[in-house]
Amino acid sequence: METPAAPPLAASGEGPQPRMNVRVRRARPYDLPGLLRVQQQFPLNLPYTHPERARPVRAAIGGILSLSRARRRVFVARNEHRLVGYALVREGSLDQRWELESIGSQTGIFDPDPVWEELLRFGIVAAGLQGVRRLYARVPTGSPVLGAMRRIGFFPYASEQIYASPNLQPQPMAPSVRPQVPADLWGIHQLYTAVVPKQVQYAEALSSECWSVGSSRQPAGIRRRGWVLETSEGIVAYGRVVSTTDAHVVRLIVDPAHREVARDVMTTIMASLANRAGLNVFCELHGYESELGDMLRQLGFEAYLEQDLHVKYTVVPSRVAAIQQAAFADLSSEPVASRVPTFLQELPPERNPESAL
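Basis of the calculations
Residues numbered from 1 in each chain as written. Predicted model: local features only at pLDDT ≥ 70, side-chain atom pairs only at ≥ 80, totals over all residues. Heavy atoms only, no water. Helix = DSSP H or I, 4+ residues; strand = E, 2+ residues; numbered from the N terminus. Buried < 20%, exposed > 50% of the residue type's maximum accessible area, 1.4 Å probe, protein only. Contact = heavy atoms within 4.5 Å. Areas by Shrake-Rupley, 256 points an atom, 1.4 Å probe, with all protein chains shown as cover. pLDDT = per-residue confidence, 0-100. Salt bridge = Lys/Arg side-chain N within 4 Å of Asp/Glu carboxyl O. Phe/Tyr/Trp six-rings, centres within 6.5 Å; stacked < 30°, edge-to-face > 60°. Lys NZ or Arg CZ within 6 Å of the ring centre and 35° of its normal.

Glancing now at the overall build of the protein. A tally of regular secondary structure across the protein gives 8 helices and 17 strands. With 357 residues in all, the protein has 51% of them scored as buried. Restricting to contacts in the protein with at least 6 residues of sequence separation, those with at least 24 account for 69%. Entry remark: accessible area of the protein is about 17,300 Å², with carbon and sulfur atoms responsible for 54%.

Moving on: the confidence of the model for the protein. Looking at the protein as a whole, its pLDDT mean stands at 83, while 77% of the residues score no less than 70. Element-level pLDDT for the protein is lowest in strand E17 (residues 336-341), with a mean of 46, against a maximum mean of 96 in strand E10 (residues 177-179). Taken together, the stretch residues 10-17 has pLDDT below 50 and engages in 13 contacts with residues farther than four places along the chain or on a different chain. A low-confidence stretch, residues 350-356 stays under pLDDT 50, and its non-local contacts, those more than four residues away or across chains, total 11 contacts.

A side chain with one charge can pair with a side chain of the opposite charge if their charged atoms come near. Considering all chains together, one arrives at 15 salt bridges under this definition. When the shortest N-O distance is used, the salt bridge between Arg178 and Glu230 registers 2.8 Å. You can see Arg178 sitting in strand E10 and its partner Glu230 sitting in strand E11 (residues 223-231), a full 52 residues away along the chain. Of the residues examined, Glu230 reaches a relative accessible area of 44% and is grouped as partly exposed. Between Glu291 and Arg259 there is a salt bridge, and its shortest N-O distance comes to 2.5 Å. In this pair, Glu291 is assigned in the loop between strand E14 (280-286) and helix H8 (293-298) and Arg259 in the loop between strand E13 (247-254) and helix H7 (262-272), connecting sequence segments 32 residues apart. A single network of salt bridges, built from pairs that share partners, joins Asp113, Glu117, Glu118, Arg121 and Arg151.

Our next topic: the packing of aromatic side chains. Evaluation of the coordinates by the stated rule reveals 9 aromatic pairs. On the basis of an interplanar angle of 90° and a centroid distance of 5.8 Å, the ring pair of Phe42 and Trp116 is categorised as edge-to-face. Here Phe42, found in strand E4 (residues 40-43), pairs with Trp116, found in helix H3 (residues 113-129); they are 74 residues apart in sequence, far enough to count as distant. For the residue pair Phe42 and Trp116, the accessibility class agrees, reading buried in each case. Linked through ring pairs, Phe75, Trp98 and Phe122 together constitute an aromatic cluster. For Arg134, the ring lying beneath its charged end belongs to Tyr202, and the centroid distance is 5.8 Å.

Here is the structure:
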C-alpha cells in the first residue's frame, strides 16, 4: 500500500517558501541509507523500548527480510529525491493494538510536522485495514511531535510519571506478598476495575487475560512476573514486572484503602530483581496514583520522565438513522448504533482533551 502524493508541504518561516510532495509507504531495501541519515529521532515508547532499539534500521531490515512474522513495521515518507521521515510501530502483545515506538524526520528547511502527519495518517489506515482497533503512543511532555499527533486525532487518556533506580538497593521480601499464580487473574482484574478510572479502562481495553505472566504470545526476549498481596477482602495490591534485555519496568495497582501495603509489594519486587543486577529498574505511576511517588523516592528511585499516554481509535461508534419503508411505517425511527471505519477521522483542536488524568 502506498499513499498518493500528498499536497505540497511548506517550509517554516515567512515569505516565499519552497514546496515538496511526499509519498508514504512501507520501507524497502533502498530506504535503508536514508533511514541511517535521519537526524531527528524521537523515541515514544519509553521505558519499554530502549532508545537504541527504537532506531528504525534494524526494524526495517527485519521487515524486508521477512525471516519470521515481523512484529515491527517501518513506514517511510519520501519526496522526489530522498527520504524525509519515518514512523516505527510495533504490534502489541495484546490483540488488536499497535504501539508507536519512534518517529523521525530529515526535512532540512521544511517544517517536519506535515511529514509526521502524513506518516501517522498512513499508519492509521494500515492499522485499520489489518483489523487493529487502537494505536497507542507514550509521548514525553513537550515533545516536538505532540502537535502533529493531536491534530491527527491522538488524544491523551492519562498522564504518567516514570521513576528510575539505576542502582537497586537490596530490600527484604515481605512475607505477606506472594508470587502470582494462574488463579489470581480474576482477582487482579477485579482490583484493576475497582481502582483505575473508567475512562482509562476504556482506553486501555484490557481483559483479565492480559495479566497472565506466562502467556506464550509475549514477544521473544520479554518476561513477565507478578506479585500479589491478598487479604480477606481479596487482592488489594498487585505488582507486575516486564523484563527486557535492557530494563525492568514495574507497574503497581493498589487499592487506595490499603496504600500502606504498596511498599511491601515494591520491596518484594526489588528483592526478586537483586540477582539480575546491571539493568535499570523503572516504575510507572499514572496520574491517579501519583501519591505512591513518595514511597518510591524513599526506596531510592528518582523522577526520570513525564509523559502522556495517547490512543487513536481506528473505529468509533456512529449513529445513523434507521431506513424506513412504506410497508413498515410503524417501525421506530430512533437512531441505531453501528460501527464504521474512520481511519482518517481527526479530532478538531477544540475537542481534543488538553489535560490528562
